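The lines below spell out each chain.
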Amino acid sequence: MPDDNRRLVYSTDGSLPLPTPERAKQQKTTAQTAPRLPDDGVVRIAREKRRGSIVTLVHGLPAALVDDVGKALRKTCGTGGTTKAGIVEIQGDHRDRVMALLLSEGHRVKKAGG
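Residues numbered from 1 in each chain as written. Predicted model: local features only at pLDDT ≥ 70, side-chain atom pairs only at ≥ 80, totals over all residues. Heavy atoms only, no water.

Q: Quick question: what am I supposed to make of helix H2 (residues 66–77) here?
A: Owing to its 3.6 residues per turn, the α-helix brings residues three or four apart onto one side. Helix length check: H2, at 12 residues, gives a terminal C-alpha distance of 16 Å against a target of 16 Å (1.5 Å per residue), a fit within 8%. Burial in H2 covers these residues: Val66, Val69, Gly70, Leu73 and Cys77. Projected onto a plane normal to the axis of H2, the buried residues spread over an arc of 105 degrees and lie on a single side. H2 presents Asp67, Asp68, Lys71 and Lys75 as exposed residues on the side facing more than 90 degrees away from its buried surface. Phi turns positive, to about 70 degrees, at glycine 78, one or two residues after H2. (Helix = DSSP H or I, 4+ residues; strand = E, 2+ residues; numbered from the N terminus. Expected span 1.5 Å × (residues − 1). Buried < 20%, exposed > 50% of the residue type's maximum accessible area, 1.4 Å probe, protein only. Arc of directions from axis to C-beta.)

Following this line, the structure appears as structure tokens:
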């Protein structure tokens, strides 16, 4: 009596397509791409949880100002952080302080995320 819940696990007849390196690479790149933020001149301040800690992220700063603003933000917040790929990362939840400093420097600022 055949069981209807059976499924094919392995076959040597060649009817199933084998994974190709191109197909595997395509699946990886589509899974790794994050949604892009719009380039509309607005600086966005987001909060992200990483390994149990909160990190404040600042997106959308002009490339020439990223390092200087990052240094000023770390000094103002009294915490560590870094600048990577045009994004300022500040350790801790400092969205209000970051927003106040950027508004005082004349940037258009939005809180992004939750």
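Moving on, there is more to tell.
Q: Whenever I open this one, the nonpolar core confuses me. Can you help?
A: Side chains that are nonpolar tend, in soluble globular proteins, to be buried together. Counting residues in each nonpolar core, the largest one holds 14 residues, and the members touching the most others are Val58, Leu61, Leu73, Val88, Val98 and Leu102. Take this core: its biggest share by element is four residues, from H2. Leaving out residues up to four positions away in the same chain, valine 88 has contacts with Thr56, Leu57, Val58, Leu61, Val66, Gly70, Leu73, Thr82 and Thr83. (Core = buried A, V, L, I, M, F, W, Y, C linked by side-chain atoms within 4.5 Å. Contact = heavy atoms within 4.5 Å.)

Q: Can you walk me through the sheet that holds strand S4 (residues 87–91) in this structure?
A: The strands that make up a sheet pair up through hydrogen bonds in the backbone, lying either parallel or antiparallel. One open sheet accounts for five strands, arranged S3-S4-S2-S1-S5; its pairing is mixed. Strand pairing shows two members of the sheet lacking a second neighbour, strand S3 (81–84) and strand S5 (108–111), which therefore form its edges. When strand polarity is set aside, the average angle formed by the axes of neighbouring strands in this sheet is 25 degrees. In the sheet, strand S1 (residues 42–50) pairs with strand S2 (residues 53–59) via seven bridges, with the strands oriented antiparallel. Among the inter-strand pairings, isoleucine 45 is bridged to a residue of S2, identified as valine 58. Across the sheet, H2 lies against S2, S3 and S4, angled at about 15 degrees from S4, the strand it touches most. The sheet contacts of helix H3 (residues 95–104) involve S1, S2 and S5, and relative to S1 the element is tilted by about 165 degrees. (Pairing = 2+ DSSP bridges. Axes fitted to C-alpha atoms, helices over the stretch in contact; angles between N-to-C directions.)

Q: Looking at this structure, how should I read the side chain of threonine 56?
A: Structurally, threonine 56 can be placed in strand S2. A distance of 3.0 Å separates a polar atom in the side chain of threonine 56 from the backbone nitrogen of histidine 94. Once you skip the residues sitting within four places of it in the chain, threonine 56 turns out to touch Ile45, Ala46, Val88, Glu89, Ile90, Gly92, Asp93, His94, Arg95 and Val98. (Polar contact = N/O pair within 3.5 Å; in protein donor to acceptor, adjacent residues only side chain to side chain.)

Q: Whenever I open this one, the environment of histidine 107 confuses me. Can you help?
A: For histidine 107, the position within the fold is in the loop between H3 and S5. Sequence-wise, histidine 107 and valine 43 are 64 residues apart; in three dimensions their C-alpha atoms are separated by 7.0 Å.

Nothing here speaks to function; it is geometry throughout.
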